[in-house]
Amino acid sequence: TVHGSVPATADVLGALAGQAWAAQAKAPGAKPLNTVANGLAGAAARPTGLSDEVWTTLLALAFLKKHLGSERATWQGLEAKALEWLSTCWDTAAVGKSIGSVVLAAMKVV
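Residues numbered from 1 in each chain as written. Predicted model: local features only at pLDDT ≥ 70, side-chain atom pairs only at ≥ 80, totals over all residues. Heavy atoms only, no water.

Visitor: Could you give an account of helix α4 (residues 72-89), with specific residues and numbers?
Guide: For α4, spanning 18 residues, the distance from its first C-alpha to its last is 24 Å, which sits close to the expected 26 Å at 1.5 Å a residue. Taken as a whole, α4 carries its principal kink of about 25 degrees at L78. Of all the residues in α4, the buried ones are W75, E79, A82, W85 and L86. Among the structural elements, α3 (52-67) and α6 (99-106) are those in contact with the buried residues of α4. (Helix = DSSP H or I, 4+ residues; strand = E, 2+ residues; numbered from the N terminus. Expected span 1.5 Å × (residues − 1). Bend = angle between axes of the 7 residues up to and from the residue. Buried < 20%, exposed > 50% of the residue type's maximum accessible area, 1.4 Å probe, protein only. Contact = heavy atoms within 4.5 Å.)

Encoded structure:
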C-alpha cells in the first residue's frame, strides 16, 4: 500500500506461497496451494501478537530477499518503504525479536 504495508489477502499469500508450493508440488502427498498459503498465515516463524498485515509485509520482504535477491535494485525502494512502515508499528519488547530477525526466520517459509 502507499504507507508501506502489504495487505493480508488470499491472493498475496498465494503468490508468496507459490515458490514453496512449486518446490514440493510433484512430491507424493503434496499439499494444494491454498493449504500452503493458509499455512503461511499461521507459520511457526510468526511471532505472537503480530497483525496479519504486519506478518504479510514481513513475508513479502522475506520473499524478495530469498527469491529476488539478485534484483535488489528493482525493489529496494519498496523494502525501504516497508521497513519505514514496520518501524512505526513494531514493538521489539512485545514481539521479542527485531524486524530483521523475523524476516530471516520468514525466509525459511516462503
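Read on, since the account is not over.
Visitor: Requested: an account of the pattern of salt bridges, with residues and values cited.
Guide: Scanning the entire structure with this criterion turns up 3 salt bridges. One salt bridge in this structure joins R46 and D52, with 2.8 Å as the shortest N-O distance. Residue classification places R46 among the buried positions, given a relative accessible area of 19%. Ionic pairing is found between R72 and E79, a salt bridge with its closest N-O pair at 2.5 Å. (Salt bridge = Lys/Arg side-chain N within 4 Å of Asp/Glu carboxyl O.)

Visitor: Give me the lowdown on the side chain of T56, citing residues and values where you can.
Guide: Within the secondary structure, T56 sits in helix α3. The exposure class of T56 is buried, given its relative accessible area of 2%. Looking at T56, its side chain comes within polar contact range of the main-chain oxygen of D52, at 2.8 Å. Residue contacts for T56: discarding those within four places in its chain leaves V6, P7, A8, V12, L13 and L16. (Polar contact = N/O pair within 3.5 Å; in protein donor to acceptor, adjacent residues only side chain to side chain.)

Visitor: Tell me about the nonpolar core, residues and numbers included.
Guide: Judged by nonpolar contacts, the single largest core of 24 residues is most densely connected at L50, V54, W55, L58, L59, L86 and W90. Contributing elements (two or more residues each) for this core: α1 (10-24), α3, α4 and α6. Sorting elements by how many residues they give to this core places α3 first, with 8 residues. (Core = buried A, V, L, I, M, F, W, Y, C linked by side-chain atoms within 4.5 Å.)

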